[in-house]
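Fold and geometry: a report
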Amino acid sequence: MNLENYFISQFHSKRIGDDGAVLGSFVYSKDAFFEDVHFNLKWINHYQIAQKSMLANISDAVAMNAKPKYALLSVAMPRNITKDQMRDLARGFKETAKKFNIEIIGGDTISNIKLDITITIISQTTKPLLRSGLKKGYLLAYTGKLGRSQKDFLKLRNLGKINAKSKFVNIQLRDKFVQKSSRYLSSGMDISDGLFSDLDKLASINKLGFRFFKKISKRVACSGEEYEMLVAFDKRFKKSMQRRAMQTRTPLNIFACSARVGYTNRCKAHHF
Ligand SMILES: Nc1ncnc2c1ncn2[C@@H]1O[C@H](COP(=O)(O)OP(=O)(O)OP(=O)(O)O)[C@@H](O)[C@H]1O
Ligand SMILES: Cc1ncc(C[n+]2csc(CCOP(=O)(O)O)c2C)c(N)n1
Ligand SMILES: [Mg+2]
């Protein structure tokens, strides 16, 4: 067991293990967005940092087929932060929240040596989409194009420059696609650690492996921070799923079928 899972396994709530915890019709999720772990101040500005941290958090609600409603915002910031930078941060949070009709209802502000953001999202759903529920012979698919986030991350690390429209900054969530196709989905999650790592989570929760239809390169499947969706559905819904994908302009890549086989994640562990 890796160290991250070792720590999480110390807690025994049955609600742990998905993109968010379901309590009645509400879903609670929380993600951290820390300087030098998730971003470097030389690469992206304060507005973009706030925007990306908010979107990465909303992604968990989307992945649960839940509509985000409220956000609690904790920010640790260095003492030398300027008022301009504070306003940019606040604007990034507010504008992104507004796009999704989210109300920022509280949080905490402290000073620290680095800029660290933690957000709790409270969302609502009538049909939570869980990571469990995968059965043998189901189709696995991911949305969009994978690999661009890592590519831009490496670019930033080497050259310090990326296109303003880069995936590293502009995350396009798949909320419409999930809403429209939720009735066909047996399980789903967002791709934050990378396709192969996130498949590992599906494999262990559902005690199944996958037969791949074609080889997927590590460049594509080990790229994290993609915030695309990884979904599974019964084969008989293939046509309906493809139609919903078309209607919501979502590229849908059906790449494997679940099976009683072992699964090995070929990517390096990200957190520890
Ligand atoms: N420190 C912690 N205490 C309690 N539960 C935790 C802790 N860290 C993670 N969890 C829970 O463990 C489960 C798995 O978390 P995991 O990080 O795999 O998912 P995620 O947050 O969707 O992914 P990512 O962090 O890559 O976006 C979630 O239910 C999460 O709430
Ligand atoms: C400074 C810096 N170093 C590394 C990366 C790459 N990175 C950070 S988090 C993550 C995956 C999901 O993380 P989490 O599970 O914490 O949401 C990846 C691939 C970055 N963006 N910035
Ligand atoms: Mg997490």
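Residues numbered from 1 in each chain as written. Chains lettered and ligands numbered in written order. Predicted model: local features only at pLDDT ≥ 70, side-chain atom pairs only at ≥ 80, totals over all residues. Heavy atoms only, no water.

To keep things clear, this is the line we draw: UniProt positions are given in the numbering used here, feature names are shortened, and annotations may be inferred rather than shown by experiment.
The name recorded for the chain in an unreviewed UniProt entry is Thiamine-monophosphate kinase, from Sulfurimonas hongkongensis. What the UniProt record of the chain gives under Function (unreviewed entry) is the line "Catalyzes the ATP-dependent phosphorylation of thiamine-monophosphate (TMP) to form thiamine-pyrophosphate (TPP), the active form of vitamin B1." In its Sequence similarities (unreviewed entry) section, UniProt records this for the chain: "Belongs to the thiamine-monophosphate kinase family."

Observations concerning the site of ligand 1
Test applied: The cutoff for a nearby residue is simple: one of its non-hydrogen atoms must lie within 4 Å of the molecule or strand. The Shrake-Rupley method, run with a 1.4 Å probe sphere, supplies the accessible areas, and residue values consider only the shown protein chains as cover. Helix and strand labels come from DSSP, where a helix needs a run of H or I of at least four residues and a strand needs a run of E of at least two; each type is numbered from the N terminus. Amino acid classes used here: Ala, Val, Leu, Ile, Met, Phe, Trp, Tyr, Cys and Pro are nonpolar; Asp, Glu, Lys and Arg are charged; the rest, including Gly, are polar. An automatic or database domain assignment supplies the residue ranges for each domain.
The immediate surroundings of ligand 1 are formed by 14 residues, with Gly 17, Asp 18, Asp 19, Ser 192 and Lys 201 found nearest. Compared with its free state, where it exposes 620 Å², ligand 1 has 69% of that area covered by protein. The biggest single contributor to the shell around ligand 1 is helix H1 (residues 3-8), with 3 residues. Counted by class, the shell around ligand 1 contains 4 nonpolar, 2 polar and 8 charged residues. Viewed by domain, the shell around ligand 1 spans two of them, domain 1 (15-124) and domain 2 (139-259), each represented by three or more residues.

Overview of the site of ligand 2
The following threshold applies: Here a polar contact means two N or O atoms within 3.5 Å. Within protein one must be a hydrogen donor candidate and the other an acceptor candidate, and residues neighboring in sequence count only if both atoms are side-chain atoms.
The environment of ligand 2 is made up of Asp 36, Val 37, His 38, Phe 39, Trp 43, Phe 153, Phe 168, Ser 192, Asp 193, Glu 225, His 270 and His 271. A distance of 3.2 Å separates a nitrogen atom of ligand 2 from a polar atom in the backbone of Val 37. Measuring from a nitrogen atom of ligand 2, one finds a side-chain N or O atom of Glu 225 at 3.0 Å. Burial of ligand 2 by the protein chains amounts to 84% of its free accessible area of 520 Å². Tallied by class, the residues present in the shell around ligand 2 amount to 5 nonpolar, 4 polar and 3 charged.

Examining the pairing of strand S3 (residues 67-77)
Condition: At least two bridges found by DSSP between two strands are what make those strands a pair. Here the term right-handed applies to a crossover when the path leading from its first strand over the helix to its second strand runs clockwise, the strands being oriented away from the viewer.
By the bridge criterion, 9 bridges tie S3 to strand S5 (residues 116-124) in an arrangement that is antiparallel. Note on S5: the bridge partner recorded for Ser 74 is Thr 118. With 8 bridges connecting them, S3 and strand S4 (residues 103-111) associate as parallel partners. Its bridge partner being in S4, Ser 74 is matched across the sheet by Asp 108. Handedness of the S3-helix H3 (residues 83-99)-S4 crossover: right-handed.

Brief notes about the domain arrangement of the chain
What counts here: Should any heavy atoms of two residues lie within 4.5 Å, those residues are considered in contact. When two parts are put together, the accessible area they lose, computed with a 1.4 Å probe and summed over both, is reported as buried area. A carboxyl oxygen of Asp or Glu within 4 Å of a side-chain nitrogen of Lys or Arg is what we treat as a salt bridge.
Structurally, the chain comprises domain 1 (15-124) and domain 2 (139-259). Domain 1 and domain 2 are separated by 22 Å when their C-alpha centres are compared. The interface of domain 1 with domain 2 comprises 17 residues on the first partner and 20 residues on the second. Buried surface at the junction of domain 1 and domain 2, both sides included, amounts to about 1,700 Å², of which 62% is carbon and sulfur. Three residues stand out in domain 1 for area buried against domain 2, namely Trp 43, Lys 52 and Val 62, and they jointly supply 37% of the buried area on that side. Between the two partners, domain 1 and domain 2, sit 1 salt bridge. Notably, a salt bridge pairs Glu 225 with Lys 52, separated by 3.1 Å at the nearest N-O pair. Applying the counting rule to domain 1 against domain 2 returns 3 residue pairs in polar contact (both at pLDDT 80 or more). Residues belonging to the side of domain 1 that touches domain 2 are distributed by class as follows: 8 nonpolar, 6 polar and 3 charged.

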